[in-house]
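Chain by chain, the residues run as shown.
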Amino acid sequence: MVSVEVERTTTGWAAKDPSGILSPYTYTLRNTGPEDVYVKVISCGICHSDIHQVKNDLGMSNYPMVPGHEVVGEVVEVGSDVTKFRSGEVVGVGCLVGCCGNCHPCKSEIEQYCNKKIWSYNDVYTDGNPTQGGFAGAMVVNQKFVVKIPDGMAPEQAAPLLCAGVTVYSPLHHFGLKQSGLRGGILGLGGVGHMGVKIAKAMGHHVTVVSSSDKKKVEALEDLGADEYLVSSDSSRMQELVDSLDYIIDTIPVFHPLEPYLSLLKVDGKLILMGVINTPLQFVTPMVMLGRKMITGSFVGSIKETQEMLEFCKEKGVTSTIEVVKLDYINTAFERLERNDVRYRFVVDVAGSKLD
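None of these values were measured; they are calculated from a predicted model.

## Some details on the overall build of the protein chain
And then number 1: Looking only at helices and strands, the protein chain has eleven helices and 19 strands in total.
And then number 2: Computed over C-alpha atoms, the radius of gyration of the protein chain comes to 20 Å, within 12% of the 21 Å expected from 2.2 N^0.38 for 356 residues, which places it in the range of a compact globule.
And then number 3: By the burial criterion, 52% of the 356 residues in the protein chain qualify as buried.
And then number 4: Within the protein chain, residue pairs in contact and separated by at least 24 positions form 66% of the contacts whose partners lie at least 6 positions apart.
And then number 5: Distance between charge centroids for the protein chain: 3 Å, based on 33 positive and 42 negative side chains.

Spelled out as structure tokens, the structure:
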């Protein structure tokens, strides 16, 4: 094992201002320490949150910013104290690259809820240097925040699982919703929603996709394998499915009423929110009280859950539905993603791209 003591540079595609336009940017990688893994990036998925970040939609962006938090790469070198990985292995890096290690979430192995977590990009590492993401040639990451990609799983297939996949898997695991025979709903059929259908079906659930129109009906039923398709404006069908679902995974990232969907839940059913919405949502309390229903949320997943999810997807043959692009197409991909013009996740072939 090798501990690299010198700084190295890499080139990534960075946003330089809130226009969100990405262009080549060369920067220094932080020092590789004893606990670190030096990863040569192979593939990196594009998440809708990348758009929010590069355009400063949340008012917290720092530039230059290299986005990308669905990173798959090859281990090139490891630090002297690294025990989990060795050179040549294919690994993944998700949304986090650091945490405090001392708080209750950290000690409970749910470090994604640590108040001092360090994001994979648009954050500051413990050494004071900015973190940069996976649309780049390489990353240096502490071994705690690296996961093993199962043998035989293609890098471009694995990439979306590191965010979209574990975002769905984590609440199903936490709330005890993994057993077969459950009836689940997936609200919104985008990058996260399509993984929701696939993972829930792999768990043996009866899956209903709920959407505002019927334009995705064929692909939901025939391509993704959903059992039913429900248009939310179809009042008669909505009435037929009242009290029928054990849970709903709500992936919609814009304001929408909750009451129509709460009515679909059984007693003790759970509406699990996953979309980042800055507008307050509303509902009348009897909709929750009279069925002891729960409105809750969930945020990505822990490192432990991510590894479990990858093994589950390998065992069950769960794959992502993706469109692979090169880095020089990334700005067009971002524009198309904003228009929801992708089925269902863009993945950048970083290793096959000209970085500069």
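## What about the UniProt feature "domain: Enoyl reductase (ER)" (unreviewed entry) in the protein chain?
And then number 1: Listed under "domain: Enoyl reductase (ER)" (unreviewed entry) in the UniProt record, and renumbered for this structure, are residues 20-348.
And then number 2: The span residues 20-348 shows a helical share of 25% and a strand share of 27%, and its end C-alpha atoms are spaced 17 Å apart.

## Some points on the nonpolar core
And then number 1: With 46 residues, the main nonpolar core has V37, I46, F135, I330, F334 and V348 as its most contacted residues.
And then number 2: Looking at which element gives the most residues to this core, the answer is strand β3 (residues 36-45), with five residues.

## Considering the packing of aromatic side chains
And then number 1: Tallying each qualifying case throughout the model produces three aromatic pairs.
And then number 2: A ring pair is formed by Y25 and Y27, whose centres lie 5.3 Å apart and whose planes are at 20°; its orientation type is stacked.
And then number 3: Among the residues examined, Y25 registers a relative accessible area of 24% and is labelled partly exposed.
And then number 4: An angle of 85° between the planes, with centres 5.5 Å apart, marks the rings of W119 and F299 as edge-to-face.

## Side note on helix α11 (residues 330-338)
And then number 1: Every buried residue belonging to α11 is among I330, N331, A333, F334, R336 and L337, and all of these are buried.
And then number 2: Buried-residue contacts for α11 involve β1 (8-15), β2 (22-29), α1 (48-54), β18 (322-325) and β19 (345-349).
And then number 3: Backbone geometry just downstream of α11 places N340 in the positive-phi region, at approximately 60°.

## Points about the sheet that holds strand β16 (residues 265-273)
And then number 1: Taken in spatial order, the six strands line up as β14-β13-β12-β15-β16-β17 in an open sheet, and their pairing is parallel. The open sheet is flanked by β14 (228-231) and β17 (294-297), the only strands paired with a single partner. Ignoring strand direction, the axes of neighbouring strands in this sheet form an average angle of 20°.
And then number 2: Two elements, strand β15 (residues 245-250) and β16, share five bridges in a ladder whose sense is parallel. Looking across to β16, one finds that L245 is bridged to L265.

## Some points on the environment of K354
And then number 1: The residue K354 is located in the segment after β19 in this model.
And then number 2: Take K354: its relative accessible area is 66%, and that puts it in the exposed class.
And then number 3: Along the primary structure K354 and G137 are separated by 217 residues, whereas in three dimensions their C-alpha atoms are 9.7 Å apart.

## Focus: the pairing of β2
Each regular strand shows side chains that alternate between the opposite faces of the sheet.
And then number 1: With eight bridges connecting them, β1 and β2 associate as antiparallel partners. Its bridge partner being in β2, R8 is matched across the sheet by L29.
And then number 2: Hairpin connection from β1 to β2: six residues lie between these consecutive antiparallel strands, with G20 at a positive phi of about 80°.

The rules behind each value
- Residues numbered from 1 in each chain as written.
- Predicted model: local features only at pLDDT ≥ 70, side-chain atom pairs only at ≥ 80, totals over all residues.
- Heavy atoms only, no water.
- Helix = DSSP H or I, 4+ residues; strand = E, 2+ residues; numbered from the N terminus.
- Rg over C-alpha atoms; globule rule 2.2 N^0.38 Å.
- Buried < 20%, exposed > 50% of the residue type's maximum accessible area, 1.4 Å probe, protein only.
- Contact = heavy atoms within 4.5 Å.
- Lys, Arg positive; Asp, Glu negative; His and termini not counted.
- Charge placed at Lys NZ, Arg CZ, Asp CG, Glu CD.
- UniProt positions renumbered as here; feature names shortened; annotations may be inferred.
- Core = buried A, V, L, I, M, F, W, Y, C linked by side-chain atoms within 4.5 Å.
- Phe/Tyr/Trp six-rings, centres within 6.5 Å; stacked < 30°, edge-to-face > 60°.
- Pairing = 2+ DSSP bridges.
- Axes fitted to C-alpha atoms, helices over the stretch in contact; angles between N-to-C directions.

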